[in-house]
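Architecture at a glance
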Amino acid sequence: MNKIRNICIIAHVDHGKTTLVDHLLRQSGAFSERAALEDRAMDSMDLERERGITIQAKNAAIQYKDTRINIVDTPGHSDFGGEVERILGMVDGAVLLVDAAEGPLPQTRFVLQKALERGHRIILCINKVDRPECKDGIRTKEVVNQAFDLFIDLGASEEQADFPIVYACARQGWCTTDPDEVPELIAGTKKGSLQPLFDLVIENISPPKVGSESSFQLMVANLGWSDFVGRLAIGRILSNSLVVGQKAFRFGVNDKLEPIKEAFTVTKLFRYQGLQQAEVKSLEAGDVGVIGGCENFEIGDTIG
């Protein structure tokens, strides 16, 4: 558990969320140099690609040094509030991505408020610091102050309001915690990477807390589909572990809101490797996993 971090990325439309994730995947080695990583990798739905927004949250996983970082992409719009609540229940912290020129915008406010209410620690990433109106650093400082004011306005705790900051150009794949380095990074006289952001995630986001229950428990936050397995349940493992072939139960409700307890045998287990689901023999508490074996999984179910 100490070697797992579960995070989401909060951002307004066009502030660079998907571009940032693309470069995090590249630099973590999730893809070989030969592998072609399609731009805007997490926007997999046609509608999302057309409109440039994230509607259905998707998962990715990165191995950085000896730590596994699960990244869950949050919908960037208040119209998908239920989806946002479920996703925030899967993570322990967030990266707040803000455009260096535009500053925090309404969609940012909605998701950030929900994250702060859950007590999540936030890392502020000021993106697009290479924009012409930001190169002198004055506007960037104003945006940092706007972000601080937003945290206070949303009722952030003293610890949450003392957020770490990175200054980034996601398009070029670099960031820094030192604003004085930005001009050199923009000019290319100094090479950069996203390592400072990786390090901040490890240092500032807590490892997952797990329950003390003796039985396996997973809350279904999303659904998937496999042509070979059928319906898949996706969620964070709250306690204990699960192995392929084990008997399990789906706890939910029917259309009449009556409780359901359905037995099934676990046929397949997966966890994320890059953007792909990699088959595994077992899932452990604290991780984000995928379960196959029941055709009736529904969002909100508990598997135990």
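Residues numbered from 1 in each chain as written. Predicted model: local features only at pLDDT ≥ 70, side-chain atom pairs only at ≥ 80, totals over all residues. Heavy atoms only, no water.

**Section: the pattern of salt bridges**
Taken as a whole, this structure holds 18 salt bridges when the rule is applied. Note that Lys3 is salt-bridged to Asp66, the shortest N-O span being 2.8 Å. With Lys3 in the segment before β1 (4-11) and Asp66 in the loop between β2 (59-64) and β3 (67-73), this pair connects stretches of sequence that are 63 residues apart. Where Glu85 meets Lys114, a salt bridge forms, and the shortest distance between an N and an O atom there is 3.4 Å. Here Glu85 is found in helix α3 (residues 81-88), whereas its partner Lys114 is found in helix α4 (residues 106-117), with 29 residues between them in sequence. By relative accessible area, Lys114 is classed as partly exposed at 22%. Overlapping salt bridges, with partners in common, bring together Asp99, Lys128, Arg131 and Glu133 in one network. (Salt bridge = Lys/Arg side-chain N within 4 Å of Asp/Glu carboxyl O. Helix = DSSP H or I, 4+ residues; strand = E, 2+ residues; numbered from the N terminus. Buried < 20%, exposed > 50% of the residue type's maximum accessible area, 1.4 Å probe, protein only.)

**A short note on the environment of Arg118**
If you trace the backbone, Arg118 turns up in the loop between α4 and β5 (121-127). Dropping the residues within four chain positions of it, Arg118 is found in contact with Glu85, Leu88 and Gly89. (Contact = heavy atoms within 4.5 Å.)

**Some words on helix α1 (residues 17-27)**
In terms of burial, α1 is a largely internal element, eight of the eleven residues being buried. Within α1, the full set of buried residues consists of Lys17, Thr18, Leu20, Val21, Asp22, His23, Leu24 and Leu25. The inward-facing, buried residues of α1 abut β1, β2, β3, β4 (93-99) and α8 (195-204).

**Thoughts on the sheet that holds strand β16 (residues 288-292)**
Strand order in the open sheet made by the eight strands is β12-β11-β17-β8-β9-β16-β13-β14, with antiparallel pairing throughout. Strands at the two margins of the open sheet, each flanked by one partner only, are β12 (259-265) and β14 (276-280). Bridge analysis of strand β8 (residues 217-226) against strand β17 (residues 302-303) gives two bridges, and the strand direction is antiparallel. Its bridge partner being in β17, Leu218 is matched across the sheet by Ile303. (Pairing = 2+ DSSP bridges.)

**Focus on the packing of aromatic side chains**
One pass over the full model with this rule turns up four aromatic pairs. When the centroid spacing of 4.6 Å and the interplanar angle of 10° are considered together, the rings of Tyr64 and Phe198 count as stacked. In this pair, Tyr64 sits in strand β2 while Phe198 sits in helix α8, placing the two residues 134 residues apart along the sequence. According to the relative accessible area criterion, Tyr64 is buried, its value standing at 11%. Residue class for Phe198 comes out buried when judged on its relative accessible area of 5%. Its end group placed over the ring of Phe249, Lys261 keeps NZ or CZ at 4.5 Å from the ring centre. (Phe/Tyr/Trp six-rings, centres within 6.5 Å; stacked < 30°, edge-to-face > 60°. Lys NZ or Arg CZ within 6 Å of the ring centre and 35° of its normal.)

**Examining the pairing of β4**
The buried fraction of β4 is high, at seven of seven residues. Judged by which residues are buried, β4 turns out to be covered on both faces: Gly93, Val95, Leu97 and Asp99 on one side and Ala94, Leu96 and Val98 on the other are all buried. Across seven bridges, the pairing between β4 and β5 is parallel. Across the sheet, the residue bridging to Gly93 is Arg121, located in β5. In terms of handedness, the path from β4 via α4 over to β5 forms a crossover that is right-handed. (Right-handed = clockwise from strand over helix to strand, strands pointing away.)

**Considering the sheet that holds β3**
Taken together, seven strands build an open sheet; the order of strands is β2-β3-β1-β4-β5-β6-β7 and the sheet is mixed. Each edge of the open sheet carries a strand with a single partner, namely β2 and β7 (174-176). For this sheet, the mean inter-axis angle between neighbouring strands, taken without regard to orientation, is 30°. Where β1 meets β3, six bridges bridge the pair, whose relative direction is parallel. Residue pairing for β3: Asn6 is matched across the bridge by Asn70. Contacts between helix α5 (residues 138-153) and the sheet are confined to β4, β5 and β6 (165-169), with β5 contributing the most and set at about 155° to the helix. (Axes fitted to C-alpha atoms, helices over the stretch in contact; angles between N-to-C directions.)

**Quick look at the packing of α1 against α8**
Look at α1 against α8: their axes get within 11 Å of each other, and the N-to-C directions meet at 90°. The orientation of α1 with respect to α8, classified from their angle, is roughly perpendicular. Contacts from Leu20, Leu24 and Gln27 of α1 reach α8 at Gln195, Leu197 and Phe198. Split by residue class, the contact of α1 with α8 holds four nonpolar, two polar and no charged. (Parallel < 35°, antiparallel > 145°, perpendicular 65-115°, else oblique. Nonpolar A, V, L, I, M, F, W, Y, C, P; charged D, E, K, R; others polar.)

**What to know about the side chain of Arg68**
On the secondary structure map, Arg68 appears in strand β3. At 2.8 Å, the side chain of Arg68 and the backbone oxygen of Tyr272 are in polar contact. When residues no more than four places from it in sequence are discounted, the contact partners of Arg68 are Lys3, Ile4, Arg5, Ala61, Ile62, Gln63, Arg271, Tyr272, Asp287 and Val288. (Polar contact = N/O pair within 3.5 Å; in protein donor to acceptor, adjacent residues only side chain to side chain.)

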